[in-house]
Amino acid sequence: RTDGSGLNSGDRFPAGVTTISYSATDAAGNASTCSFTITVAPDAQAPAISGCPANRSVAMDAGSCGAIVTFTAPTATDNCDGAIIPVRTDGSGLNSGDRFPAGVTTISYSATDAAGNASTCSFTITVAPDNENPELTVPADLTVCADDASGAVVGGIAPTSFTDNCSDPATLEVSYTITGATMATGSNDASGMHFSPGVSRVTYRVKDESDNESTAAFTVTVLPIPVTSEITGNTSPACHATGEIFTVNGAVGSKYYWRIPSSAALTTDTSGVGVNSISVDFNDGSGRIYVYEVNTEGCVGETKAITVNLQGCGLYPDFTVDRSTSCINETLSFQSTTTGTSTNATYSWDFGMDATPATAIGEGPVSVSYSSPGDKQIILTVTDGVTATVQHTVRVVRPLSITVTVQEGCGMSQFEMEAATPDGDGVEFSRDGGSTIYYADNTVPYRLVYPTVPGEDSIQFWVRAVNSVTGCVGNWMDIYAVNHPIPAVGEIQVQDPAQNYLEVICKGDERVYTMNPLNGITHIWKVPALGIEDQQGDVMTMDWNVQQGIYSIYVWASDAFGCQSTVREEAVFVSAPDIDLGADVDLCEGESHTFTVPAGFVSQVWQNGSVAIDYRASTTETICLEMLDDKGCRTNDTVNVTVHRSPEVDLGRDTTLCADEMYIIDLPEFRRYEWSTGNRGASQQIYANAGQIWVMVTNDYNCTGSDTLFVGECDPNKLFKEITNTFTPNGDDVHDKWEIKNIDLFPDTEISIFNRTGTLIYHCTGGYANDWDGTYRGKELPMDTYYYIIDFKAEGMKPIKGTVTIVR
C-alpha cells in the first residue's frame, strides 16, 4: 500500500473520494503500481433532538407581575457529528429560572450538524393574567375643631400609600366616597373638602389595569366650636374707674382668654377654666376689651369684643403754693391750676391739721397759716361731671435751733467759736445781746475767730440761727469764753541706775522713762517708732525692738482746761548690729566654703569657740557667729552647711556592637547631662564602632559624676587575633584560668570545648567570664590539647575554632 489513507477493507470510509494505491517491486528493483477510488455520497441526515419540554401553563406569583419558571433544555445527536448542543432561536431573552410575564411565551431551539442538516424544537409557557388586588393604606381616624358653625375644611387626608404588583402607581385609579355627617364622592384626594360638624366616614377605592381593586376607610370627626355670648359691662365708666366688671356666659369646663386696653390693669385672672368674668382698673385710655373661649375639646370660639369709652379723662386737677416750707404762723398762698374744666366746675380745699382756715372753696388764691410744725397734706377736690383730686405737701418748721462750741484760749491771742444748726443755713454773732450784728456766716461750718487783747481773759457773745429760704430766725444764745495759762513740761528721767543715760540703747532692750508728777497736770507721750500715740502717764515702759537708727521721744503736759505745754523732744540712738552669713550652703564631696567676719565689730566668736576672722567648713554642720559692736550690743547669725554625695552613674561594662546593632542607655533623673556625643538628654543610643563614650551628670546640688564605656570594633580578626592557647592551672595564681581578651565585649558568647574523642568537657552560654580552670565535672583534666568553638552570637561574626593546651 502506498496511498497512506490508513483505511482498509471493511473500514468505514468518510464522505467524499478516497484513493487506494498499491506498488509491487522485485529484487532487481523493478516496480509496478495499481490504484482505484472509493466514493461515499455526502451526509444528508438531520440531527435528532430529544427532551424537548412540553407546553406549560402556570399561575402568576403572589406579589409580583409574573411567575418564575424553570425548565430543562433539550439535547441533540447526529449520525456524523455525535452530540450537538441545541441553540436558542426564539429571541425572548428569558431563561430557565427567570420571571415570565403574563401571557404566552414561545421558547425555540435548533440543532445543526457539520453538513448543515438541521432540526428544531419549540414549546410555550403561558402565565395566567393578573388577579391580585392593589395594596391601599389610609390615615388614622381624625378629629378636628370646626372652623365656624358650618364645619371645617380638612386637609392632609389623602391615602397614605397605594401600590400594585403589576401597575405603575401613576396608572392606578383612585376614588373616594364620604358618608355620614358629610356626603360626597370624587376621584383622587379628598383633602381640602369642607366637612360638616359630626362624624363622616371616608372610604378610598383603588383599581389596577386588570380591574383588581381594594378599599379602606377612616373617620373624620368635626367638633363644634363654642358659641360665646356677647360681653356685658359698663361701656362708659369714669376716667380712672376701678373694679369695672365685664362678663360672658360661662360654659362648664371652658377656658376664657381676655385682652384689655394697654393702659388698663386686670385685678383678676386673665385666663383659665371658668374665668368668664374679669375686674378692670382703668387709667385714662379708652379702648376695646376682647375675649375668646376654648371648650373642653380644645376648640376655639369666635372672639367677642366690647368698646369702652372713659368719661372725664380731660380733667387734670392741680394747684400751686408760693413756697414749700414755712415758719409757724407765717402765711402761705394757695392757687388752683386745674385744666380741662368747664364753667360748672367746683373746687373744695382741705388744708390739713392746725391750718387756719382748715377748709375753703373756689379756685383761690387762699391764704393759710399753721400753728404747729410738720408736713401738712393739702387736698384739692375738683368736680366737673366727674370728681378728681390732687394732693401736695408743705413743710412747717419749728423755731430754729443751734448748738455752739467754744475753743477757750490757752495763753493764746484769739478765741474760736463754731456753731451748728439743723434747721438754718446761716449763723449771726452779736456782742451786745442782739442789738447789732458783729459777724454773720452762711457757710458750713459756721465759725467766728475773735482776736483777744492783753488782759482780756474772758468774753461774752450772743449767737442765733437764720434760714434765708423761709425767713425764719432762732432765739439769741449767750456764750462765754475763757483764756487759761499754758502749763510747763519737765525733763525725761530713766529708771535704770546701771544705765541712766538717755541717748544710746541696744535693739530689743527695755527702758522705763518717768516725768515728775504735778497736780492737775497730765503727761502725754508720743513715740512714732514704737506705735505710741498720745499715751498718758507719768511712767512709760518702752521696748526698743526696732531697726538701728535715731528715734525721737515726744512728751508734753496738759492741764484740766485742755491747755498744753510745748513739746519736749529727746533723741535715742538704737544700736542694732546685724550680720548675715548668707543662705544655707550646699557643698559637694571634697568642696569647702569659707565664712568671713564682717567689718565694724570689736569682737567675734564662732560656734566652736574660735575667735578667728575666718571659718572654713567642709562637713555637714551648723555655723553660728556671735559679734559685739562698739556700743556693747550683741548680734548673731546661723547658717547650715550640707555636704552632698556626688551622683553615681554607671554606663555598664565595655561591649562590642556589630553591623546595625544598637542599644540604648537610659540614666536616672539628674538636673543636667553632658555626653561625649554632644547629647544633653538622659537617654543615649549606642551604635557599632562607637569607641569610647563618656557622660557627666549634674544633680540638683550642682555635684557631678561620670562614667566611661568603650564600644569595641566588631572584627574578630583584630579582637581575637591571638587567643591564649596554653594555660597552667597549677594553683600558683599565674595563668590558672583560660583567659580570652576582649571576650567581655560579647555578652551573649557561647563556648564549647571538646577532648580528642569529641566529648564535650566545658560549655557556657550568655558570655564567658574567663573562669575555666581546666576541670571537668569537678576533676582536673589531664595535660593535653583540647578543641574549642567560640560562637559570639553577634550579627556578622562567624564562630572561631581552635585549640588550647593544659600544661601542669
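Here's what I pulled together on the structure shown here. Since the model is a prediction, treat every value here as computed from it, not as a measurement. Within each chain, residues carry numbers counting from 1 in the order of the written sequence. Per-residue local features of the predicted model are confined to residues with pLDDT of at least 70, and side-chain atom pairs are confined, for both listing and counting, to 80 or more; whole-chain, interface and lining totals are unaffected and use all residues. In computing side-chain properties, one takes all heavy atoms of the structure into account and sets aside hydrogens as well as water.

Let us now look at the overall build of the protein chain. Helix and strand content of the protein chain: one helix and 72 strands. All radius of gyration figures rest on C-alpha atoms, and the globule criterion is 2.2 Å times the number of residues raised to 0.38. On C-alpha atoms alone, the protein chain measures out to a radius of gyration of 67 Å, which is more than a quarter above the 28 Å that the 2.2 N^0.38 rule sets for 808 residues. By its C-alpha atoms, the protein chain is 205 × 130 × 50 Å across when sized along the principal axes. We call two residues in contact whenever any of their non-hydrogen atoms come within 4.5 Å of each other. Expressed as a percentage of contacts within the protein chain between residues at least 6 apart in sequence, the contacts between residues at least 24 apart total 54%. For the protein chain, the exposed area adds up to about 44,200 Å²; of that, 48% sits on carbon and sulfur atoms. When charges are counted, neither His nor the chain ends are considered; positive counts come from Lys and Arg and negative counts from Asp and Glu. For charged residues, the charge sits on one atom: NZ in Lys, CZ in Arg, CG in Asp, CD in Glu. Counting 42 positive and 101 negative side-chain charges, the protein chain places the averaged centre of each group 9 Å from the other. The secondary structure listing takes helices from DSSP runs of H or I that are at least 4 residues long and strands from runs of E that are at least 2 residues long, numbered from the N terminus. Only the protein chains shown count as cover for residues, and all accessible areas are computed by the Shrake-Rupley method using a 1.4 Å probe.

We now examine the nonpolar core. In terms of nonpolar packing, the biggest core is built from 27 residues, with Trp738, Trp772 and Ile790 touching the most fellow members. When residues of this core are traced back to their parent elements, those giving at least two are strand 67 (750–754), strand 68 (760–764), strand 71 (785–791) and strand 72 (800–806). Once residues within four sequence positions are removed from consideration, Trp772 is found in contact with Phe727, Asp736, Lys737, Trp738, Ile753, Ile761, Tyr762, Leu781, Val804 and Ile806. Nonpolar cores were defined as sets of buried Ala, Val, Leu, Ile, Met, Phe, Trp, Tyr and Cys residues, with membership established by side-chain atoms within 4.5 Å. In this scheme, a residue with accessible area under 20% of its type's maximum is buried, one over 50% is exposed, and one in between is partly exposed, where area comes from a 1.4 Å probe on protein chains only. Membership of the second largest hydrophobic core comes to 24 residues, among which are Val138, Ala152, Ile157 and Phe195.

Below, the discussion takes up the pattern of salt bridges. In the sections that follow, a salt bridge refers to a side-chain nitrogen of Lys or Arg positioned within 4 Å of a carboxyl oxygen of Asp or Glu. All told, the structure shown has 19 salt bridges when counted by the stated rule. Across the salt bridge formed by Arg99 and Asp61, the nearest N and O atoms sit 3.4 Å from each other. Here Arg99 is found in strand 9 (residues 99–100), whereas its partner Asp61 is found in the loop between strand 4 (56–58) and strand 5 (67–68), with 38 residues between them in sequence. A relative accessible area of 26% places Asp61 in the partly exposed class. Linked by salt bridges that have partners in common, Glu230, Glu302 and Lys304 make up one network.

Another aspect to go through is the pairing of strand 28 (residues 304–308). A one-sided burial pattern is seen for strand 28, the buried positions being Lys304, Ile306 and Val308 and the unburied ones Ala305 and Thr307. Between any two strands, pairing holds if DSSP finds at least two bridges. Judged from the five bridges that link them, strand 27 (residues 287–294) and strand 28 form a sheet pairing that is antiparallel. Within strand 28, the position partnered with Ile289 by the bridge is Ile306.

Using a 1 Å grid laid over the protein atoms alone, points where a 1.4 Å probe fits but cannot get out form a cavity; open sets with protein on both sides within 12 Å along at least 5 of 7 lines form a pocket; any residue with an atom within 4 Å of a point counts as lining. Grid points are joined across faces, edges and corners, and a volume is the space filled by probe spheres set on the points. A volume near 160 Å³ is recorded for the largest pocket. Around the largest pocket, the lining residues are Arg12, Phe13, Pro14, Ala15, Ala41, Pro42, Asp43, Ala44, Asn79 and Cys80. Each residue is assigned to one class: nonpolar for Ala, Val, Leu, Ile, Met, Phe, Trp, Tyr, Cys and Pro, charged for Asp, Glu, Lys and Arg, and polar for all the others, Gly among them. Residues belonging to the lining of the largest pocket are distributed by class as follows: seven nonpolar, one polar and two charged.

Within a sheet, neighbouring strands are paired by backbone hydrogen bonds and run either parallel or antiparallel to one another. Strand order in the open sheet formed by five strands is 13-20-19-16-17, with mixed pairing between adjacent strands. Each having just a single partner strand, strand 13 (142–145) and strand 17 (184–187) make up the two edges of the open sheet. Sheet twist, expressed as the average angle between the axes of neighbouring strands with direction ignored, equals 20°. One ladder, built from eight bridges, connects strand 16 (residues 173–180) with strand 19 (residues 198–207); its direction is antiparallel. Paired with Val174 across the bridge in strand 19 is Val206. Fitted lines through C-alpha atoms serve as axes, helices being fitted only where they are in contact, and the angles separating the N-to-C directions of these axes extend from 0 to 180 degrees.

It is worth spelling out the pairing of strand 6 (residues 75–78) at this point. Burial of strand 6 is one-sided: the residues Ala76 and Asp78 facing one way are buried, the residues Thr75 and Thr77 facing the other way are not. Judged from the three bridges that link them, strand 3 (residues 48–50) and strand 6 form a sheet pairing that is antiparallel. Bridge pairing in strand 6 places Ile49 opposite Ala76. Linking two consecutive strands that pair antiparallel, namely strand 6 and strand 7 (residues 82–84), is a turn of three residues.

For the purposes of this analysis, a disulfide is any pair of cysteine sulfur atoms at a distance within 2.5 Å. Under the definition given, this model contains six disulfides. One disulfide in the model links Cys327 with Cys472; its S-S distance is 0.8 Å. What sets the handedness of the Cys327 and Cys472 disulfide is the S-S torsion sign, and at about -95° it is left-handed. Residue Cys327 is located in strand 30 (residues 325–327), and its partner Cys472 is located in the loop between strand 44 (458–466) and strand 45 (477–484); the two are separated by 145 residues in the primary sequence. Exposure remark for Cys472: the relative accessible area of 4% places this residue in the buried category. A sulfur-sulfur separation of 1.8 Å characterises the disulfide bridge that pairs Cys506 with Cys633. Between Cys506 and Cys633 the disulfide shows an S-S torsion of about -90°. By sign, it is left-handed. Taken together, the residues Cys506 in strand 47 (residues 504–506) and Cys633 in the loop between strand 58 (621–628) and strand 59 (634–644) connect sequence positions 127 residues apart. For Cys506, a relative accessible area of 15% gives the class buried. With a relative accessible area of 2%, Cys633 lands in the buried category.

Attention now moves to a nonpolar patch on the surface. Like charges are joined within 9 Å and nonpolar side chains (Val, Leu, Ile, Met, Phe, Trp, Tyr) within 5 Å, but only among residues with over 30% relative accessible area and no salt bridge; these make up the patches. On the surface, a cluster of nonpolar side chains totalling about 280 Å² of accessible area is made up of Met662, Ile664 and Tyr687. When you line up the elements, Tyr687 lands in strand 63 (residues 683–687).

Right, let's talk about the packing of aromatic side chains for a bit. Aromatic pairs are defined between Phe, Tyr and Trp rings, using the six-membered ring for Trp, whenever the two ring centres lie within 6.5 Å; interplanar angles under 30 degrees are classed as stacked, those over 60 as edge-to-face, and all others as tilted. Evaluation of the coordinates by the stated rule reveals 24 aromatic pairs. When the centroid spacing of 6.1 Å and the interplanar angle of 65° are considered together, the rings of Tyr438 and Tyr450 count as edge-to-face. Here the residue Tyr438 occupies a position in the loop between strand 41 (426–430) and strand 42 (439–441), and Tyr450 occupies one in strand 43 (residues 446–451), the gap between them amounting to twelve residues. The exposure class of Tyr450 is buried, given its relative accessible area of 12%. An aromatic cluster is defined as three or more aromatic residues linked by ring pairs; in this entry it consists of Phe727, Trp738, Tyr762, Tyr768, Trp772 and Tyr788. Placement of a charge over a ring requires the Lys NZ or Arg CZ to be within 6 Å of the ring centre, with the centre-to-atom vector within 35 degrees of the ring normal. The ring of Tyr22 carries the charged tip of Arg1 above its face, separated from the ring centre by 5.5 Å. Taking NZ or CZ as reference, Arg259 lies 4.2 Å from the ring centre of Tyr290, over its face.

Here the focus is the sheet that holds strand 46 (residues 493–494). As summarised here, the arrangement of the three strands in space is 46-48-51, forming an open sheet in which the pairing is antiparallel. In this open sheet, the two strands that pair with only one neighbour each are strand 46 and strand 51 (539–543). Alignment of strand 46 against strand 48 (residues 510–514), held across two bridges, turns out to be antiparallel. Counterpart to Gln493 in the pairing with strand 48 is Thr514.

What follows concerns unusual backbone geometry. In this structure, Pro357 follows Thr356 across a cis peptide bond, with omega equal to -5°. Among the structural elements, Pro357 can be located in the loop between strand 33 (355–356) and strand 34 (359–361). Residue Pro445 is reached from Val444 by a cis peptide bond, and omega for that bond is -5°. On the secondary structure map, Pro445 appears in the loop between strand 42 and strand 43.

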